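So the chains spell out like this:
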Amino acid sequence: MYSNIDWDAITIKNNFLFQETLRNKSLCKQLLERVLHIQVKTIRYMETEKTMKAQLSSKNTRLDVYVEDKDGNVADIEMQTTDTKSVINYDERDERTIIRELPLRTRYYQNIIGTNMLRKGMHYRELKKAYVIFICTFDPFGAGLPVYHFTYRCKENGNLQMGDLTENIFLNVKAADKTDDEDLAAFLRYVNGQKPDSSFTKKLDEEATHIKNNDDWRLKAM
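A.B. asks: Got a minute to help me understand empty space enclosed by the protein in this structure?
C.D. replies: Empty space among the atoms becomes apparent when a probe as large as a water molecule is rolled across them. Per the stated rule, a full pass over the model turns up 1 cavity of 30 Å³ or more. In this structure, the largest cavity spans a volume of roughly 90 Å³. Every residue along the wall of the largest cavity is listed here: L32, L36, I38, V40, I43, V67, E68, D69, N73, V74, A75 and Y131. Of all elements in the fold, only α2 (25-36), β2 (65-69) and β3 (74-80) reach the threshold of two or more residues within the lining of the largest cavity. In terms of residue count, the dominant contributor to the lining of the largest cavity is β2 (3 residues). Of the residues assigned to the lining of the largest cavity, the class counts are 9 nonpolar, 1 polar and 2 charged.

A.B. asks: What is the right way to look at helix α5 (residues 182-191) in this model?
C.D. replies: At 3.6 residues per turn, the α-helix brings residues three or four places apart onto the same side. Burial analysis of α5 places 8 of its 10 residues in the buried class, which makes it a mostly covered element. Buried residues along α5 sit against α2, β3, β4 (130-136), β5 (147-150), β6 (166-172) and α6 (199-212). Where α5 begins, the capping side chain belongs to D181, and its oxygen is found 3.2 Å from the backbone nitrogen of D183. Remark: G193 follows α5 within two positions and exhibits a positive phi of approximately 110°.

A.B. asks: Would you explain the nonpolar core in this entry?
C.D. replies: A general tendency of soluble globular proteins is for nonpolar side chains to be buried together. Counting 39 residues, the largest nonpolar core has C28, L32, I77, I135 and F187 as the members making the most contacts within it. Take this core: its biggest share by element is 6 residues, from α2. Apart from residues no more than four positions distant in its own chain, C28 is found in contact with L22, I43, Y45, V65, V67 and I77. In terms of nonpolar packing, the next biggest core, distinct from the first, is built from 16 residues, Y109, M117, F134 and C136 among them.

A.B. asks: For this particular structure, what's the right way to read the sheet that holds β5?
C.D. replies: Paired through their backbone hydrogen bonds, the strands of a sheet run either parallel or antiparallel. The strand order β1-β2-β3-β4-β6-β5 describes an open sheet built from 6 strands, whose pairing is mixed. In the strand order of this sheet, the two ends are held by β1 (43-45) and β5, each with one partner. Along the sheet, successive strands turn relative to each other by an average axial angle of 20°, direction set aside. Sheet analysis places β3 next to β4, joined by 7 bridges and oriented parallel. Looking across to β4, one finds that E78 is bridged to F134.

A.B. asks: What should I look at first to understand unusual backbone geometry in this one?
C.D. replies: Negative phi values dominate among residues other than glycine, just as trans dominates among peptide bonds. Located in the positive-phi region is H37, a residue other than glycine, with phi close to 60°. Its place among the elements puts H37 in the loop between α2 and β1. Accessibility expressed as a relative area gives 57% for H37, which makes it exposed. The backbone phi angle of L165 is positive, close to 70°, even though this residue is not glycine. Looking at where L165 falls in the secondary structure, it is placed in the loop between β5 and β6. We classify L165 as partly exposed; its relative accessible area is 38%.

A.B. asks: Looking at this structure, how should I read the packing of α2 against α6?
C.D. replies: Where α2 meets α6, the closest approach of the two axes is 11 Å, and the angle between their N-to-C directions is 140°. It follows that α2 is oblique to α6 by the angle criterion. For the element pair α2 and α6, the recorded crossing hand is left-handed. Two secondary-structure elements touch here, α2 through L27, Q30, L31 and R34 and α6 through F200, K203, L204 and E207. When grouped by side-chain class, the residues that make up the contact of α2 with α6 number 4 nonpolar, 1 polar and 3 charged.

A.B. asks: I keep staring at the side chain of D69 and nothing clicks. Help me out?
C.D. replies: When you line up the elements, D69 lands in strand β2. For the buried residue D69, which engages in no salt bridge, the nearest side chain bearing the opposite charge is K70, 7.3 Å off. Here the side chain of D69 touches D71 through a polar contact of 2.9 Å, landing on its backbone nitrogen. The residues touching D69, leaving out its near neighbours within four places in the chain, are T42 and I43.

A.B. asks: For this particular structure, what's the right way to read the pairing of β3?
C.D. replies: Successive side chains on a regular strand alternate, one facing one side of the sheet and the next facing the other. Within β3, 7 of the 7 residues are buried, which leaves it mostly tucked inside the rest of the structure. Residues V74, D76, E78 and Q80 of β3 are buried on one face, and the alternating residues A75, I77 and M79, pointing to the opposite face, are buried as well. By the bridge criterion, 4 bridges tie β2 to β3 in an arrangement that is antiparallel. Bridged to Y66 within β3 is D76. Counting the residues that bridge the hairpin from β2 to β3 gives 4 residues, and of these G72 lies at a positive phi of roughly 90°.

Reading guide: rules and limits
Residues numbered from 1 in each chain as written. Predicted model: local features only at pLDDT ≥ 70, side-chain atom pairs only at ≥ 80, totals over all residues. Heavy atoms only, no water. 1 Å grid on protein atoms, 1.4 Å probe; cavity = no way out; pocket = protein on both sides within 12 Å on 5 of 7 lines; lining within 4 Å. Points joined across faces, edges and corners; volume = space filled by probe spheres on them. Helix = DSSP H or I, 4+ residues; strand = E, 2+ residues; numbered from the N terminus. Nonpolar A, V, L, I, M, F, W, Y, C, P; charged D, E, K, R; others polar. Buried < 20%, exposed > 50% of the residue type's maximum accessible area, 1.4 Å probe, protein only. Contact = heavy atoms within 4.5 Å. Polar contact = N/O pair within 3.5 Å; in protein donor to acceptor, adjacent residues only side chain to side chain. Core = buried A, V, L, I, M, F, W, Y, C linked by side-chain atoms within 4.5 Å. Pairing = 2+ DSSP bridges. Axes fitted to C-alpha atoms, helices over the stretch in contact; angles between N-to-C directions. Parallel < 35°, antiparallel > 145°, perpendicular 65-115°, else oblique. Left-handed = near helix turned anticlockwise from the far one by under 90°. Lys, Arg positive; Asp, Glu negative; His and termini not counted. Salt bridge = Lys/Arg side-chain N within 4 Å of Asp/Glu carboxyl O.

Right, here's the structure in full:
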């Protein structure tokens, strides 16, 4: 049924494999800690099909890896790629279109996350932190940075943050050699196709390999 697919050629960049790999709580927690530089004690996975309910007239969206910590802070982690060669990872949009859409996508995702944090009768002050993290296989802003970290700041005073508890983070796997954070650099190198060379990326690779060799996952991916 799927003998024509070179499963060995599929890497962590494949969105289906990436999502399934981060279902491992330990690996997901370690990735968040490396990206956010905070200690994450526990996480739980949200059933995104049930929780991401926008208004009936709104665009339906399913967030990829949507997790919440014990304090109610939320992180959505997405793999962004322009790979059009994989049978199970096809995306007809070109790189320029994807790059142009990314900031607008983060805006929409943050709106959905915020809407689903508050229930009827709750106060705005009950909103928790919300992170949208895009792991990009290309440079999303063309400045050569390994990490682009955005928060709302005052235009007249760049040191003044708005404090709305939202953060949008874009990782550029093409610039792994430009970060002094070796843990993060190892992860970026791995996603960019190099062999795992850290304890974390070796565990990530082992999990990904185990998953893509599983017949049930292959059927689901198809």
